[in-house]
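# Descriptive analysis of the structure
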Amino acid sequence: MKYRLVTSLPDALIVRKLRNGCAKFMTNYSAQIGVWQQIRWYWKKYRREQRAGIFRVYLFWDEKQNPVGYGALQLHDDQLLVTECVKGIWRGRGYGRAILSALIQIAQVERRTLAADIFATNQASIALHEHLGFQMVSTRVENNRELRTYILATNADRDT
Ligand SMILES: CC(C)(COP(=O)(O)OP(=O)(O)OC[C@H]1O[C@@H](n2cnc3c(N)ncnc32)[C@H](O)[C@@H]1OP(=O)(O)O)[C@@H](O)C(=O)NCCC(=O)NCCS
């Protein structure tokens, strides 16, 4: 599966559509995002944060060049907060596993621990993260919904 770092507005707009299809599973901001909102975000925030290594999005394509999903990494307290999204019609076909595996490889190269906040009701995401080695470290309730935090320590952390 091919992927590339989002560094152009056209790619950011593809991400917008994918992300709106995943919005209800997002734990930080679950509203729909409009075109102008995404354009503003891309020029005023994303480009700067991407260049600074604070936030980045990778767009994933199938062999027929269809955009099937994305993965995002946000640097926070020395950890990389991870989130993934697969377009509805492509779910359950191994793309989520491929996306998260690629993000894990990136985190290993950068020697950083990965963390994921997941709604307790999001069985697909919990299964995906657990099957790739993440472990639940805490739970909390926000807006009457249980949120679980999962962690994957990379080899670098085990070395120290
Ligand atoms: C979560 C998500 C990224 C998973 O992607 P996917 O392509 O559907 O998942 P995969 O087909 O790669 O399956 C990954 C693993 O999860 C398991 N799984 C997938 N869907 C599942 C479900 N609904 N219930 C239980 N397990 C499930 C699979 O069996 C698979 O395990 P395996 O690889 O060990 O056999 C995708 O469902 C999605 O985009 N959901 C909406 C957005 C979201 O929830 N993002 C995460 C926010 S924290």
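In this report, we go over the structure that sits alongside the text. Bear in mind that the values here come from a model prediction, so they are computed numbers and not experimental data.

Of the regular secondary structure elements, the chain holds five helices and seven strands. In summary, the chain has a C-alpha radius of gyration of 15 Å against a globular reference of 15 Å for 160 residues, a match within 12%. A principal-axis box enclosing the C-alpha atoms of the chain has dimensions of 40 × 35 × 30 Å. Within the chain, the fraction of its 160 residues that count as buried is 23%. In the chain, the share of contacts with a sequence separation of at least 24, taken over all contacts with a separation of at least 6, comes to 57%.

This part is about the site of the ligand. Close to the ligand lie 22 residues, the nearest being Phe 25, Arg 91, Gly 96, Ala 124 and Ala 127. Residue assignment for the shell around the ligand shows that the elements contributing at least two residues are strand 4 (79–86), helix 3 (95–109), strand 5 (113–119) and helix 4 (123–131). In terms of residue class, the shell around the ligand is made up of 10 nonpolar, eight polar and four charged.

The next point concerns the nonpolar core. Formed by 27 residues in total, the largest nonpolar core has its most connected members in Val 15, Leu 59 and Tyr 70. For this core, the elements supplying multiple residues, two or more each, are helix 1 (9–22), strand 2 (55–61), strand 3 (67–76), strand 4, helix 3, strand 5 and strand 7 (145–152). Not counting residues within four places of it along the chain, the set of residues in contact with Leu 59 comprises Tyr 3, Arg 4, Val 6, Asp 11, Ile 14, Val 15, Pro 67 and Tyr 70.

A word on helix 1. Across its 14 residues, helix 1 extends 20 Å between first and last C-alpha, which sits within 8% of the 20 Å expected from 1.5 Å per residue. Taken residue by residue, helix 1 has Ala 12, Val 15, Leu 18 and Arg 19 as its buried positions. Within helix 1, the buried residues cover an arc of 120° as seen down the axis, which keeps them to one side. In this structure, the buried residues of helix 1 make contact with helix 2 (35–51), strand 2, strand 3 and strand 4.

In this structure, Gln 65 is a non-glycine residue whose phi angle is positive, near 70°. Mapped onto the fold, Gln 65 is located in the loop between strand 2 and strand 3. Of note in the backbone geometry, Arg 111 takes a positive phi value of approximately 55° without being a glycine. Locating Arg 111 in the fold gives a position in the loop between helix 3 and strand 5. A residue is classified by how many C-beta atoms lie within 10 Å of it, and Arg 111, with 12 of them, is exposed.

For Gln 65, a count of 7 C-beta atoms within 10 Å puts it in the exposed group. Measuring from C-alpha to C-alpha, the distance between Gln 65 and Met 1 comes to 9.8 Å, with 64 residues separating the pair along the chain.

Moving on, we get to helix 4. Where helix 4 is concerned, the buried positions are Ser 125, Leu 128 and His 129. Seen along its axis, helix 4 keeps its buried residues to an arc of 90°; they face one direction. The exposed set on the far side of helix 4, more than 90 degrees from its buried face, consists of Gln 123, Ala 127 and His 131. Buried residues along helix 4 sit against helix 3, strand 5 and strand 7.

Procedures and definitions
- Residues numbered from 1 in each chain as written.
- Predicted model: local features only at pLDDT ≥ 70, side-chain atom pairs only at ≥ 80, totals over all residues.
- Helix = DSSP H or I, 4+ residues; strand = E, 2+ residues; numbered from the N terminus.
- Rg over C-alpha atoms; globule rule 2.2 N^0.38 Å.
- Buried ≥ 20, exposed ≤ 12 C-beta atoms within 10 Å, placed from the backbone.
- Contact = placed C-beta atoms within 7 Å.
- Near = placed C-beta within 6 Å.
- Nonpolar A, V, L, I, M, F, W, Y, C, P; charged D, E, K, R; others polar.
- Core = buried A, V, L, I, M, F, W, Y, C linked by C-beta atoms within 7 Å.
- Expected span 1.5 Å × (residues − 1).
- Arc of directions from axis to C-beta.

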